[in-house]
Amino acid sequence: MMPTTPMRRFACVAVALLAVWPAWVASPALAQARAQSPAAHVKTLRIAFPVAETGFDPQATSDLYSDSVQRAIFESLYGFDYLARPYQRVPRTAAALPQIEDGGRTWTIRVRPGIFFADDPAFGGKRRELTAADYVYSWKRLIDPRIRSPFSWYVQGKFVGADAVVDAARKSGKFDYDAPIEGVSAPDRYTIRIKLKEPDYILFGYLCSSPMAAVAREVIERYADTNGWTMDHPVGTGPFMLKSWRRGQQIVLDANPNFRDERFPEATEPAERARFAAVQGKKLPLVDRVEISIMEEANPRLLAFESRALDYVNLPSELTDHALDASNRLKVEYSARGVTRESLTQPSLQYAYFNMQDPVVGGYTNDKVALRRALVLAFNTPELIRVVYQGQALPATQPIPPNVPGHDATLNVAAPYDPAAARALLDKFGYVDRDGDGWRDLPDGKPLVLVMASTPTSRDREIDEIWQKNLKAVGIRVDFMKQKWPDLIKMGKVGQLQMWRVGWINAYAEGDAFAQLLYGKNIGQTNSARFDLPAYDQLYVQSRMLPDGPERNKLYRRMSELVAAYNPWALHVYTVENTLVQPWVRGYKKHAYWEHPWQYIGVDAAQLAVR
């Protein structure tokens with residue numbers, strides 16, 4: 001049977017989709033008629049997510065796609081300058097940078113007056129101004145045991161006086177949000193005071209991210225579910241608000257009429273001044289609406305972009321050869337119609353984790369470490385890069401990716417692809433075929449069968465095939481448990497997965513984002529491997545007390561060496577992301593730490609008419 005190439009698969013799916021896709025997608029004439037209809041006067045940005053969202057509560061979610069929506073609705077005190085390179089943190093709702101005293105233990109932050117939440121019945125028909133108390137309330141939600149926030153580690157055990165309130169909530173089952181906490185308070189309407197037990201030089205990075213964004217207490221108390229979450233009723237101060245949501249299918253955002261008067265920034269580079277001339281100085285957001293479709297398969301996403309149904313798309317790596325030529329340049333059929341391409345190495349890591357509490361692959365004894373080491377040695381990362389990523393990835397050398405503080409360009413702790421060494425290691429520690437069925441067994445004679453979690457997408461099927469082939473070559477059987485992404489996230493948090501290939505992306509420009517993934521106290525939150533090693537934890541705690549620099553980097557290096565020694569992860573790749581942008585899009589500039597900066601992206605009405 002002839003193998004199915006990405007190009008062949010694309011053609012097959014294209015034929016099938018054209019039979020069910022809206023007619024305007026396939027017909028330029030109908031597309032023009034649609035653009036000239038009354039509905040077209042609503043400037044709409046259309047994009048697609050490859051993975052379904054889980055909900056829109058910034059203190060309760062942890063996935064990238066929900067977070068992209070949350071960053072459009074809610075606002076943190078700080079963020080990133082959209083155009084500046086190198087990347088720079090700047091105030092968003094804060095009036096200025098934080099005032100830091102007492103050796104990094106006391107932080108004072110002023111909230112900018114005159115910022116308002118989107119209108120909601122919870123506010124009783126009145127305009128609701130953002131205040132310092134909103135941030136204090138939101139950060140208390142992070143440590144409320146009922147919320148079970150996946151990002152409680154941002155502040156857990158750090159605020160002076162918070163432990164007693166948290167302990168009382170665990171005993172009573174209810175967190176007292178009115179109980180004063182010395183370490184997080186609002187001494188006046190626009191002032192936040194933070195007092196930490198120990199210095200935390202990563203805190204400024206956390207303050208740039210969604211879990212530290214402000215929610216309104218009235219909204220939470222009116223709409224929260226039994227978990228204390230408001231996943232389907234987000235109300236924030238950001239440029240957009242949720243108009244409609246069909247779970248796992250479509251998310252629609254409308255411009256927030258209460259959003260303050262912010263303008264597209266002035267470019268400093270001559271080339272960028274020309275590039276952004278059409279939008280420079282215009283009021284944000286530049287569009288009236290954002291429509292997000294969930295398209296889990298790569299082929300439909302690229303087809304939708306080619307059919308002009310999407311305004312920009314992250315090129316699926318498995319379809320790289322459809323849009324890029326052998327020299328890694330955009331093919332002429334794209335560039336001829338004005339499509340542009342932007343790319344960067346993402347601040348992200350793709351890896352497979354092993355559940356360290358699992359009776360088969362978990363544990364810290366030599367035989368368990370040897371099994372995980374053998375699995376890592378057996379996996380062919382170069383093949384993964386060549387087949388699945390089509391060259392658009394780099395082999396991971398350490399947990400912290402390039403261009404992120406803490407990455408060491410001289411360090412490589414990744415195990416090489418060496419199936420012979422994997423077989424020898426398995427033999428040495430008693431993982432041999434004892435019953436003659438062709439598969440290795442556990443040292444006690446029980447069958448050795450691995451179960452890897454996986455989503456039902458074609459991309460994951462390709463990766464599954466590589467895992468299956470590689471492990472079969474060393475005599476190990478692996479089965480795959482297929483579930484939707486949101487379900488696997490929930491299962492992973494409670495330790496129900498033995499192995500899963502996942503990715504993590506950094507949204508706040510700190511190597512800490514990756515180091516914390518193996519911190520013992522983050523089990524049940526972000527530490528899906530459930531790795532619990534005191535030596536690692538000690539180094540991690542020390543790293544948070546140091547500013548970016550050689551001393552902190554030495555600690556990160558030692559943590560990386562422990563990861564290599566115990567193998568809670570199989571390090572895979574750092575991804576290169578290519579984004580294709582339609583010619584009518586204005587204001588787009590790819591940002592490593594801001595995947596979807598929708599308020600800065602516009603559409604040109606004249607060119608839109610012929611899309």
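Our subject is the structure listed above.
An account of the accompanying structure is given in this report. Please read all numbers here as calculations on a predicted model, not as lab measurements. (Residues numbered from 1 in each chain as written. Predicted model: local features only at pLDDT ≥ 70, side-chain atom pairs only at ≥ 80, totals over all residues. Heavy atoms only, no water.)

### Let's talk about unusual backbone geometry
As a reminder of what qualifies: Counting from the N terminus, the helices are DSSP H or I runs at least four residues long and the strands are E runs at least two residues long.
Across the junction of arginine 85 and proline 86, the peptide omega takes the value 0°, indicating a cis bond. Position of proline 86 among the secondary structure elements: in the loop between β2 (78–80) and β3 (89–91). At the junction of leucine 284 and proline 285, the peptide bond is cis and its omega measures out at 0° in the coordinates. With respect to the helices, strands and loops of the structure, proline 285 is situated in the loop between α9 (270–275) and β10 (289–294).

### Observations concerning the packing of helix α19 (residues 534–544) against helix α20 (residues 550–566)
Helix-helix packing is described using two parameters, namely the angle between the two axes and the distance between the axes. Stated formally: Lines fitted to the C-alpha atoms define the axes, with helices restricted to the stretch that makes contact. Angles between their N-to-C directions range from 0 to 180 degrees. When describing relative orientation, an angle under 35 degrees is termed roughly parallel and one over 145 degrees roughly antiparallel, while 65 to 115 degrees is termed roughly perpendicular and anything else oblique. Two helices cross in a left-handed way if the nearer one is turned anticlockwise from the farther one by less than a right angle. They cross in a right-handed way if the turn is clockwise. A contact between two residues is defined here by any heavy atoms of the two lying within 4.5 Å. Just so you know the grouping, Ala, Val, Leu, Ile, Met, Phe, Trp, Tyr, Cys and Pro go in nonpolar, Asp, Glu, Lys and Arg go in charged, and all remaining residues, Gly too, go in polar.
One can describe the packing of α19 onto α20 by two numbers: an axis separation of 9 Å at closest approach and a directional angle of 160°. Here α19 is positioned roughly antiparallel relative to α20, judged by the angle of their axes. Handedness of the α19/α20 crossing: left-handed. The residues of α20 that touch α19, namely those facing Ala535, Tyr536, Leu539, Tyr540, Gln542 and Ser543, are Arg552, Leu555, Tyr556, Arg558, Met559, Leu562 and Val563. Of the residues in the contact of α19 with α20, the class split is nine nonpolar, two polar and two charged.

### Observations concerning the sheet that holds strand β4 (residues 99–101)
Definition in use: Only when DSSP finds a minimum of two bridges between them are two strands counted as paired.
Pairing within the open sheet is antiparallel, and its four strands lie in the order β4-β5-β7-β6. Only two strands of the sheet have a single neighbouring strand rather than two, namely β4 and β6 (184–188). Each neighbouring strand pair of the sheet contributes to a mean axis angle of 20°, computed without reference to strand direction. In terms of strand pairing, strand β5 (residues 106–110) meets strand β7 (residues 191–195) through five bridges, oriented antiparallel.

### Remarks on the pattern of salt bridges
Inclusion rule: The salt bridge definition used is simple: a Lys or Arg side-chain nitrogen within 4 Å of an Asp or Glu carboxyl oxygen.
According to the stated counting rule, one finds 36 salt bridges in the structure shown. Measuring nitrogen to oxygen at the nearest pair gives 2.7 Å for the salt bridge that ties arginine 289 to aspartate 254. Of this pair, arginine 289 sits in strand β10 while aspartate 254 is found in strand β9 (residues 250–255), placing the two residues 35 residues apart along the sequence. By sharing partners, the salt bridges in this structure join Glu75, Arg92, Arg112, Arg260 and Glu262 into a single network.

### Points about the nonpolar core
Threshold: Side-chain atoms within 4.5 Å are what join buried Ala, Val, Leu, Ile, Met, Phe, Trp, Tyr and Cys residues into a set we call a nonpolar core. Throughout, exposure labels follow a simple rule: accessible area from a 1.4 Å probe, protein chains only, divided by the maximum for the residue type, with under 20% read as buried, over 50% as exposed, and the rest as partly exposed.
By size, the foremost hydrophobic cluster in this structure holds 127 residues, and its most contacted members are Leu77, Trp139, Ile251, Leu253, Tyr536 and Trp598. Broken down by element, the residue count for this core peaks at seven residues, all from helix α5 (residues 132–143). Apart from the residues lying within four places of it in its own chain, the contact partners of leucine 253 are Val69, Ala72, Ile73, Phe240, Met241, Leu242, Lys243, Asp288, Arg289, Val290, Ile292 and Trp598. One finds Leu371, Val376, Leu384 and Val474 within the second-largest nonpolar core, a separate group that totals 35 residues.

### What about the sheet that holds β10?
Read across the open sheet, the four strands follow the order β1-β10-β9-β8; overall the sheet is mixed. Each having just a single partner strand, β1 (44–49) and β8 (240–246) make up the two edges of the open sheet. Direction aside, neighbouring strands of the sheet carry axes that sit 20° apart on average. By the bridge criterion, five bridges tie β9 to β10 in an arrangement that is antiparallel. Pairing of valine 252 across the sheet is with glutamate 291, part of β10.

### Remarks on the packing of helix α13 (residues 366–378) against helix α15 (residues 419–428)
Running from amino to carboxyl end, α13 crosses α15 at an angle of 160°, the nearest separation of the two axes being 8 Å. With respect to α15, the axis of α13 lies roughly antiparallel. Handedness of the α13/α15 crossing: left-handed. Only Pro419, Ala421, Ala422, Leu425 and Leu426 of α15 make contact with α13, whose side of the interface consists of Ala370, Leu371, Arg373, Ala374, Leu377 and Ala378. A class-by-class count of the residues in the contact of α13 with α15 yields ten nonpolar, no polar and one charged.

### Things to note about the environment of valine 404
Of note, valine 404 is situated in the loop between β14 (393–395) and α15. Classification of valine 404 by relative accessible area gives buried; the value is 4%. With 327 residues separating them in the primary sequence, valine 404 and leucine 77 have C-alpha atoms 22 Å apart. Setting aside residues no more than four positions away along its own chain, valine 404 makes contact with Pro347, Asn506, Glu510, Gly511 and Tyr593.

### As for α15
Note the threshold: What the arc covers is the set of directions going from the helix axis to the C-beta atoms.
Of all the positions in α15, only Ala422, Leu425 and Leu426 are classed as buried. Buried residues along α15 cover an arc of 100° about the axis, so they all sit on one side. On the buried face of α15, the contacting elements are α13. In the stretch just after α15, glycine 430 is the one whose phi turns positive, near 85°.

### Comments concerning α5
Inclusion rule: Multiplying one less than the number of residues by 1.5 Å gives the expected span of a helix.
Taking 1.5 Å of rise per residue, the twelve residues of α5 would be expected to cover 16 Å, and the 18 Å separating its terminal C-alpha atoms lies within 8% of that figure. Along α5, eleven of the twelve residues are buried, which leaves the element largely enclosed by surrounding structure. Buried within α5 are the following residues: Ala132, Asp134, Tyr135, Val136, Tyr137, Ser138, Trp139, Lys140, Arg141, Leu142 and Ile143. For α5, the elements touching its buried residues are α6 (162–172), β6, β7 and α8 (217–223).

### Some remarks on the pairing of strand β18 (residues 569–581)
When you tally the buried positions in β18, you get twelve out of 13 residues, the bulk of the element. The pairing of strand β11 (residues 312–314) with β18 spans three bridges and is antiparallel. Within the sheet, the bridge partner assigned to tyrosine 312 lies in β18 and is valine 581. Alignment of strand β12 (residues 340–345) against β18, held across six bridges, turns out to be antiparallel. By the bridge assignment for β18, leucine 344 is matched with glutamate 577. Here β14 runs beside β18; their pairing, made up of three bridges, is antiparallel. Paired with proline 395 across the strands is valine 573, a residue of β18.

### Concerning the side chain of histidine 322
Put simply, the test is: A 3.5 Å cut-off defines polar contacts: any pair of N or O atoms within that distance qualifies, except that in protein one atom must be a possible hydrogen donor and the other a possible acceptor, and neighbouring residues in sequence count only when both atoms are side-chain atoms.
Within the secondary structure layout, histidine 322 lies in helix α11 (residues 320–323). At 2.8 Å, the side chain of histidine 322 and the side chain of glutamate 306 are in polar contact.

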